Protein chains: 2
Amino acid sequence: MGVTAEPDSALHADAARPSRREQILQAAARLFAERGARSVGVDDIGAAVGVTGPAIYRHFTGKDAMLAEMLLRISERLQAGAERVVLAAGDDPRAQLDALVAFQVDFALDNPALITVQDRDLGALSEDDARQVRRLQRRYVEQWVAVLTALDPDATTAACRARAHALFGLINSTPHSAGRLSRPAMRALLVTMATSAATG
Amino acid sequence: MGVTAEPDSALHADAARPSRREQILQAAARLFAERGARSVGVDDIGAAVGVTGPAIYRHFTGKDAMLAEMLLRISERLQAGAERVVLAAGDDPRAQLDALVAFQVDFALDNPALITVQDRDLGALSEDDARQVRRLQRRYVEQWVAVLTALDPDATTAACRARAHALFGLINSTPHSAGRLSRPAMRALLVTMATSAATG
DNA sequence: CCCCGACGTGAACCGTGGTTAACATCCCGG
DNA sequence: CCGGGATGTTAACCACGGTTCACGTCGGGG
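All values derive from a computational prediction rather than experimental measurement.

### So, the overall build of chain A
Helices and strands together make up the secondary structure of chain A, namely eight helices and zero strands. Listing every helix and strand of chain A by position from the N terminus yields α-α-α-α-α-α-α-α. When each of the 200 residues of chain A is scored for burial, the buried share is 48%. Expressed as a percentage of contacts within chain A between residues at least 6 apart in sequence, the contacts between residues at least 24 apart total 66%. Accessible surface for chain A amounts to roughly 9600 Å². Of this, 52% is attributable to carbon and sulfur atoms.

Below, the structure written as structure tokens:
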């Protein structure tokens, strides 16, 4: 399936007044996060934006196409963002780590729904789409691994990869402890814990 | 709809030769973890233990009853285990934390499938069963919160709860970084990182 | 020996939900 | 004013999968 090209509408994606297409994607993300993609009906998604179920098919080829586009966008944003902040951090591995941590924490706090969907519903994708998402995710992980390796040259690549996943788990715990803490407090807490965990 | 009483079969649960009922639960746990509860059919579960789909109904009242029993058992094991290890650790909060960390790490390494199912498929339970599971989970979390509060009396309860969830996320990342590291190495890595994250 | 309960099987039933079809509405460019 | 594309709606279609049914087998106790 893959994401349909759609050259023009994809560009002004998050404009001031989001297009109906974007409204749908956003509503779907929220619903998918709450109940799981397979438990959400197209009628539910439609109702969330004020239309009936079949209206969705004016904007997407099908339900799985929505999920695919959603996951591909997330993976792409994460991958590109990580590349950007690492470059901006200069040559110091410690500064690079701080940049990655801050980036991931902000992303998780800004998009708890996307975080939840990404690691729960990847299995609902077609093998083709899943492969593409995994490729992007792998590139994202490898950026963390590179930084962690620079910080601790004695550690094996496998160990650094496991550390990276552990840090993701820590930071992505946000959706589970929802709302109890103010955002700045939560941000500070996660940054501190992740940094401590990473630097031992 | 709650776990059926079943006084005799429940007792010799994990005997040397697991009963057909236990085989089914174990196979279901593995499949649920791989694909998500809603994506695995009763036929799949049956096939995994060498019978046809409807045979399941000789042992369970339905598919959701399996999931409910699975999640209730996990929550119960975690809650009871935490209570046990904290008591065994004596009065020192630091020793209590170490005990909780070791306990959770061992559980996650021993039962990656259960860990995955627990935090992904809770939403698939009936409201009644979900409430019961959440009650047990809350009691488990509160044990961590108590220890974390003892370690850092200035922190608010909300902050300690967020810290506990972050630590769960870190430790439960095991299923994501599957198998690349030997078990002892993975155990040491997770214990070190969790302890660092918890004690800043 | 025979009956009964435990355990399975294949076939059928049926609700749910994704998808398509056929038909309105609205708005804009010619 | 008219035609057509974008966007929706309702009703129908249809596959999938959980569940039930009617029937077999088998082993152990009266």
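### Considering the confidence of the model for chain A
In the predicted model, chain A carries a mean pLDDT of 92, and the fraction of residues at 70 or more is 92%. Of the regions scoring below 50 in pLDDT, residues 1-16 of chain A engages in nine contacts with residues more than four places distant in sequence or in other chains.

### Structural notes on the protein's contact with DNA strand D
The immediate surroundings of DNA strand D are formed by 15 residues, with A:Arg20, A:Thr52, A:Arg58, B:Val42 and B:Tyr57 found nearest. Considering DNA strand D, the proportion of its atoms within 4 Å of the protein that are sugar or phosphate atoms stands at 53%. Between DNA strand D and B:Tyr57 there is a distance of 2.4 Å, counted from a phosphate oxygen to a side-chain nitrogen or oxygen. At 2.9 Å from a phosphate oxygen of DNA strand D is found a side-chain nitrogen or oxygen belonging to B:Lys63. Partitioned by chemical class, the residues of the surface near DNA strand D number seven nonpolar, four polar and four charged.

### Quick look at the packing of helix 1 (residues 20-35) of chain B against helix 3 (residues 63-88) of chain B
Residue and element names in this part refer to chain B. Helix 3 packs onto helix 1 with a crossing angle of 85° between their chain directions and a minimal axis gap of 10 Å. Judged by the inter-axis angle, helix 1 sits roughly perpendicular to helix 3. Here Arg-21, Glu-22, Ile-24, Leu-25, Ala-28, Ala-29 and Phe-32 of helix 1 come into contact with helix 3, specifically with Lys-63, Met-66, Leu-67, Glu-69, Met-70 and Arg-73. Taken together, the residues of the contact of helix 1 with helix 3 sort by class into eight nonpolar, no polar and five charged.

### Brief notes about the relation of the copies chain B and chain A
It takes a turn of 180° to lay chain B on chain A, together with a shift of 0.0 Å along the axis; the resulting RMSD is 0.0 Å. What the superposition gives is, in effect, a two-fold axis relating one chain to the other. When the interface residues of chain B are mapped onto chain A, 100% of them are again interface residues, pointing to one common binding face.

### A short note on the protein's contact with DNA strand C
Taken together, 15 residues surround DNA strand C, and among them A:Val42, A:Tyr57, B:Arg20, B:Thr52 and B:Arg58 come closest. Counting only the atoms of DNA strand C within 4 Å of the protein, the fraction contributed by sugar and phosphate is 53%. In this structure, A:Val40 approaches DNA strand C through a main-chain N or O atom, which is 3.2 Å from a phosphate oxygen. In terms of residue class, the surface near DNA strand C is made up of seven nonpolar, four polar and four charged.

### Some thoughts on the UniProt feature "DNA-binding region" (unreviewed entry) in chain A
As recorded in UniProt, the sites labelled "DNA-binding region" (unreviewed entry) are residues 41-60 of chain A. Taken end to end, residues 41-60 of chain A has its terminal C-alpha atoms 14 Å apart, with 35% of it in helix and 0% in strand.

### Topic: the interface of chain B and chain A
Facing 26 residues of chain B, the contacting portion of chain A comprises 26 residues. Taking both sides of the interface into account, the surface hidden between chain B and chain A amounts to around 2300 Å²; carbon and sulfur atoms contribute 70%. The interface formed by chain B and chain A includes zero salt bridges. Viewed at the interface, chain A and chain B are joined by two residue pairs in polar contact (both at pLDDT 80 or more). Those elements that provide at least two residues to the side of chain B that touches chain A are helix 7 (157-171) and helix 8 (183-199) of chain B. Split into classes, the residues belonging to the side of chain B that touches chain A amount to 12 nonpolar, nine polar and five charged.

### Some details on the UniProt feature "domain: HTH tetR-type" (unreviewed entry) in chain A
The residues that UniProt annotates with the feature "domain: HTH tetR-type" (unreviewed entry) are residues 18-78 of chain A. For the annotated span residues 18-78 of chain A, helix accounts for 64% and strand for 0% of the residues, and the straight-line distance between the end C-alpha atoms is 21 Å.

### What to know about the pattern of salt bridges
Inspection of every chain in the model, using the stated rule, returns 29 salt bridges over all chains. Linking B:Asp128 and B:Arg131 is a salt bridge whose minimum nitrogen-to-oxygen distance equals 3.6 Å. Taken as a pair, B:Asp128 and B:Arg131 lie in helix 6 (residues 127-151) at a separation of three residues, close to a single helical turn. Residues joined by salt bridges that share partners form a network here, namely A:Arg21, A:Glu22, A:Glu69 and A:Arg73.

### Concerning the packing of aromatic side chains
Two numbers describe a pair of aromatic rings. These are the distance of the centres and the angle of the planes. All names here are of chain A. Under the counting rule described, the total for this entry stands at eight aromatic pairs over all chains. Pairing Tyr-140 with Phe-168 gives two aromatic rings, centres 5.6 Å apart and planes at 20°, and the pair type is stacked. Linking Tyr-140 in helix 6 (residues 127-151) with Phe-168 in helix 7 (residues 157-171), this pair joins segments that are 28 residues apart in sequence. The class for Tyr-140 is buried, based on a relative accessible area of 6%.

### Considerations on the packing of helix 3 (residues 63-88) of chain A against helix 6 of chain A
All names here are of chain A. Closest axis-to-axis distance for the helix 3/helix 6 pair is 9 Å, and the angle between their directions is 20°. Considering their axes alone, helix 3 and helix 6 lie roughly parallel with respect to each other. At the point where helix 3 passes helix 6, the crossing takes the left-handed sense. Residues Ala-68, Leu-71, Leu-72, Ser-75, Glu-76, Leu-78, Gln-79, Ala-82, Glu-83 and Val-86 of helix 3 form the contact with helix 6, whose own contacting residues are Asp-129, Gln-132, Val-133, Leu-136, Gln-137, Arg-139, Tyr-140 and Gln-143. Among the residues forming the contact of helix 3 with helix 6, the class breakdown is nine nonpolar, five polar and four charged.

### Some thoughts on helix 5 (residues 112-120) of chain A
Buried residues of helix 5 of chain A: A:Leu114, A:Ile115, A:Thr116, A:Val117, A:Gln118 and A:Arg120, and no others. The secondary structure elements touched by the buried residues of helix 5 of chain A are helix 1 (20-35), helix 3, helix 4 (93-110) and helix 6 of chain A together with helix 5 (112-120) of chain B.

Rules of the game
Residues numbered from 1 in each chain as written. Chains lettered and ligands numbered in written order. Predicted model: local features only at pLDDT ≥ 70, side-chain atom pairs only at ≥ 80, totals over all residues. Heavy atoms only, no water. Helix = DSSP H or I, 4+ residues; strand = E, 2+ residues; numbered from the N terminus. Buried < 20%, exposed > 50% of the residue type's maximum accessible area, 1.4 Å probe, protein only. Contact = heavy atoms within 4.5 Å. Areas by Shrake-Rupley, 256 points an atom, 1.4 Å probe, with all protein chains shown as cover. pLDDT = per-residue confidence, 0-100. Near = heavy atom within 4 Å. Polar contact = N/O pair within 3.5 Å; in protein donor to acceptor, adjacent residues only side chain to side chain. Nonpolar A, V, L, I, M, F, W, Y, C, P; charged D, E, K, R; others polar. Axes fitted to C-alpha atoms, helices over the stretch in contact; angles between N-to-C directions. Parallel < 35°, antiparallel > 145°, perpendicular 65-115°, else oblique. Least-squares fit on C-alpha atoms with pLDDT ≥ 70 in both. UniProt positions renumbered as here; feature names shortened; annotations may be inferred. Buried area = accessible area lost by both parts, 1.4 Å probe. Salt bridge = Lys/Arg side-chain N within 4 Å of Asp/Glu carboxyl O. Phe/Tyr/Trp six-rings, centres within 6.5 Å; stacked < 30°, edge-to-face > 60°. Left-handed = near helix turned anticlockwise from the far one by under 90°.

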